[in-house]
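Summary of structural features
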Amino acid sequence: MRLTVPHMGLLSTAYTRVLRQHGVDMQPPPAATVRTLNLGVKHSPEFACLPFKINLGNMIEALDNGADAILMPGGYGPCRFGYYGIIQEQILRELGYRFRMSTTDNPDRLADMIDTIRDISHIKNKYDGYSVFFLILMRMAALDRATSLYHYYKPRELNREDTDTVLKQAVRMIDLADSYPRLFRTMPEIKKMFRAIPIDKALNPVTVGVLGEIFVVIEPFANLDIEKRLGEMRVEVRRGVWLSDWLNDRFRFRPFRRNQTAYAKKLARGYLDYPAGGESIETVGKTLLFQKKGVNGVLHIMPFTCMPELVASTIISRISKDRDYPVLSMTFDEHVSEANIITRLEAFVDLLERRRDDGISRH
Amino acid sequence: MKHIRIGIPRGLLFYSYAESWTRFFRDLGCEAIHSPETTADILKEGIRHTVSDLCLPVKTFLGHVAILKDSVDLLFIPRHVSMEQESYMCPKMIGLPDMTRACFANLPVVLDPLFHVKQFGDKAIDEFTRPVAEALSVSPSRAADAYRKHMNHHAEVPSEQHRQSERLLAENGAVPRSSGKMNIGIIGRPYLLFDRYLSKNLFHVARKLGANPVSLRPDETEIREAMAVIPKWVYWEMGKEVVAAAHVFFKDDRIDGVINVCSAACGPDSFTGDLIRKRLNRQNKPYMTLSIDEHASDVGVQTRLEAFIDMIARVTV
């Protein structure tokens, strides 16, 4: 059985090596390209959301490369994600592919995750299952930590692409850190590497909070590498959604990091009183948080037709009016063009810089 | 004593529960005010106040809020999260009260009780009616009792939609083949089908073209049967009903063709549409998706309907 799991940001880096060592024949899909997207779009329902289409493209390419089993997380709404696997399986079977499909319908439950791991690997002992699962979670947290360092150093770098090279190296090092001790030894090294990048210490970059639907936020292919582009415009990104936070809210592997969903729920009160699925509550709560903290503006990104984020987008445009706070919502789908995104980003960043320099912002 | 005037916008769940809500509020001594039927101007109001990507029914709903808000004391916009253990409403329904508040600067008080069977189980109705009772200063038990009386879950709701469907079935369900008229099953969300402006008066147009349009609100058995045919329980309340209605129509020999009316860019319908087409239409019955957005026109709908009816006529001859 050659198992494939569709990509989501750097997640596959967190689990592939570890699971392989425990006897899972992993076949990660090739990194998404325009071909992946075109394949996905061609076979998806017209109004399915972008993550669905990219995932489907991932599956097709992985099956073409010899995978014969797909693991797709499921769940029960209200967002469409919980139903992805069913529709994707139906489409793939119609295309004539033969494979085993498993969907974990309770991806929020630790016991179910451990069972899934024991199911697909050589691990039979429950405690080994926990140990492996938590190692994967810690690796994911390390990857996110490296990415947040990237956000800090990227706008300040003196030599173009320095930071990107370091991030690539850091990801590689975390990938190789296949045990707890190795992982703990790796993190200080990564920090040292980032600190060694020559930077413009006098630069005081504009800050932009990046929020929205989690897949589009963490997957550079889906958002046309928006964080890198912002960095190149000398903007410091403050990302409000992290995969490791999402995992931590459910599996509590970082006991000192507060539950971000609960926190956002508290912050959003008065604007969104009940989570409307997906990342809607995070988007609303953290827009308010970023405003309070003096982040210069919020960039809200989501897939076209994303239901929860449309709720959030309606509400944060009110917050923007109420508090005179710059918010830009952008939707992404297969028709999005680079020129469009760059133009809008540049205009937004210009606006933020001018506001800051004129002291219009209240902070 | 002056009655409290409670505004119920004519949109979304109005088409499923309006009558029960109205009776419920009347029972509590209030006056329930409905906005008039949708018009082009109402929709225009809605579009003016919303972000562009929102779906047509939500825009329409907000248009109704716009014309209702200044003439009522309270706006009733309940937050329906789940109607039963296995299902959710669409995220936009869950966030509806908050979205409404975000879209308008000067609103009357919005009464937004939470209906959440998944969380509260049997206590859902008590949880739902408590804030209503508070706002109207009646006792919580009285409100809960009134609600139970008028809202025997959805099985017996004498709502406008339900009544209309029943009537349609009575009129058309028994039509014998020999009458020469074809029966067309029409599926879709009540707030789209039964809003005459949004659906471009589909039922009427079909009848004028010599067909019998039939709609159906599936009962629990029909829903269970349909869910057994597909690989996973459809967890959207309304999506599930659309799928079940499709299942009934595809099985029924008296139905010659099925039209799925959905709003463009509807999240759940983008998936259930795929399920219906690929999983349920085993006999390969004539099937058409009619997707409606703010640019849809009477003529466009009529043309597609004519073509569909012509096609069925040619197939069945």
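Please read these numbers as outputs of a predicted model, since none were measured by experiment.

Conventions we followed
- Residues numbered from 1 in each chain as written.
- Chains lettered and ligands numbered in written order.
- Predicted model: local features only at pLDDT ≥ 70, side-chain atom pairs only at ≥ 80, totals over all residues.
- Helix = DSSP H or I, 4+ residues; strand = E, 2+ residues; numbered from the N terminus.
- Buried ≥ 20, exposed ≤ 12 C-beta atoms within 10 Å, placed from the backbone.
- Axes fitted to C-alpha atoms, helices over the stretch in contact; angles between N-to-C directions.
- Parallel < 35°, antiparallel > 145°, perpendicular 65-115°, else oblique.
- Contact = placed C-beta atoms within 7 Å.
- Nonpolar A, V, L, I, M, F, W, Y, C, P; charged D, E, K, R; others polar.
- Pairing = 2+ DSSP bridges.
- Right-handed = clockwise from strand over helix to strand, strands pointing away.
- Domains from an automatic or database assignment.
- Expected span 1.5 Å × (residues − 1).

Within chain B one finds 15 helices and ten strands. Across the 317 residues of chain B, 51% fall into the buried class.

Quick look at the packing of helix H2 (residues 40-49) of chain B against helix H3 (residues 56-68) of chain B now. All names here are of chain B. Two elements in contact, H2 and H3, have axes separated by 7 Å at closest approach and are oriented at 100°. In terms of axis orientation, H2 runs roughly perpendicular to H3. Here Ile42, Leu43, Glu45, Gly46, Ile47 and His49 of H2 lie close against H3, whose contacting residues are Lys59, Thr60, Phe61, Leu62, Gly63, His64, Ala66 and Ile67. Among the residues forming the contact of H2 with H3, the class breakdown is seven nonpolar, five polar and two charged.

The next point concerns the pairing of strand E8 (residues 327-332) of chain A. Residue and element names in this part refer to chain A. Where burial is concerned, most of E8 is hidden: six out of the six residues are buried. Direction of pairing for strand E7 (residues 297-303) relative to E8: parallel, over a ladder of six bridges. Among the inter-strand pairings, Val298 is bridged to a residue of E8, identified as Val327. A crossover connection joins E7 to the parallel E8 through helix H14 (residues 307-323); in handedness this β-α-β unit is right-handed.

Moving on, we get to unusual backbone geometry. All names here are of chain B. Backbone geometry at Ala265 places phi at a positive 65°, although glycine is not the residue there. Mapped onto the elements, Ala265 comes out in the loop between strand E9 (257-263) and helix H14 (267-280). A tally of 20 C-beta atoms within 10 Å means that Ala265 is categorised as buried. In this model, Asn284 sits at a positive phi of 60°, which is unusual for a non-glycine residue. By the secondary structure assignment, Asn284 is in the loop between H14 and strand E10 (287-292). Given 7 C-beta atoms within 10 Å, Asn284 falls into the exposed group.

Take the sheet that holds strand E5 (residues 206-212) of chain A next. All names here are of chain A. Strand order in the open sheet formed by four strands is E6-E5-E7-E8, and the pairing between neighbours is parallel. Of all the strands in the sheet, the pair left with one neighbour each is strand E6 (235-239) and E8. The average angle at which neighbouring strand axes cross in this sheet is 25°, direction not considered. Against the sheet, helix H13 (residues 280-293) contacts E5, E6, E7 and E8, and its axis sits at roughly 165° relative to E5.

What follows deals with the domain arrangement of chain A. All names here are of chain A. For chain A, the assigned domains are domain 1 (2-122), domain 2 (125-203) and domain 3 (205-363). Here the C-alpha centroids of domain 2 and domain 3 sit 23 Å apart. With twelve residues of domain 2 at the interface, the matching set in domain 3 holds 15 residues. Considered class by class, the residues forming the side of domain 2 that touches domain 3 number eight nonpolar, one polar and three charged.

Turning to the interface of chain B and chain A, a few remarks are in order. How big an interface is tends to be expressed through the accessible area that disappears when the partners come together. Contacts between the two partners involve 29 residues from chain B, matched on the other side by 35 residues from chain A. If you list the elements that add at least two residues to the side of chain B that touches chain A, you get strand E4 (79-82), helix H4 (91-94), helix H5 (96-103) and H14 of chain B. Along the lines of polarity and charge, the residues of the side of chain B that touches chain A split into 17 nonpolar, five polar and seven charged.

Residues and elements named next belong to chain A. Taken together, four strands build an open sheet; the order of strands is E2-E1-E3-E4 and the sheet is parallel. Each edge of the open sheet carries a strand with a single partner, namely strand E2 (25-26) and strand E4 (100-104). Where strand E1 (residues 2-4) lies against strand E3 (residues 69-73), two bridges are found, and the strand directions are parallel. The residue of E3 that forms the bridge with Thr4 is Ile70.

Let's shift gears to the environment of Gly294 of chain A. Residue and element names in this part refer to chain A. The residue Gly294 is located in the loop between H13 and E7 in this model. Accessibility expressed as a C-beta count within 10 Å gives 11 for Gly294, which makes it exposed. Measuring from C-alpha to C-alpha, the distance between Gly294 and Thr207 comes to 8.7 Å, with 87 residues separating the pair along the chain.

Let's shift gears to helix H13 (residues 237-251) of chain B. The periodicity of an α-helix, 3.6 residues per turn, causes residues three or four positions apart to be oriented the same way. Across its 15 residues, H13 of chain B extends 22 Å between first and last C-alpha, which sits within 8% of the 21 Å expected from 1.5 Å per residue. In terms of residue burial, H13 of chain B counts as a mostly covered element, since 14 of its 15 residues are buried.

This part covers the domain arrangement of chain B. Residue and element names in this part refer to chain B. Domain boundaries in chain B define domain 1 (4-150) and domain 2 (161-316). Taken over C-alpha atoms, the centre of domain 1 sits 27 Å from the centre of domain 2. Each side of the interface is counted separately: domain 1 has 20 residues, and domain 2 has 22 residues. Going through the elements one at a time, helix H1 (14-27), H2 and H3 are the ones with two or more residues in the side of domain 1 that touches domain 2.

On to the pairing of E4 of chain A. Residue and element names in this part refer to chain A. The pairing of E3 with E4 spans five bridges and is classified as parallel. Note that in E4 the partner of Ile70 across the bridge is Met101. In this view, the connection linking E3 to its parallel neighbour E4 by way of helix H4 (residues 84-94) has right-handed handedness.

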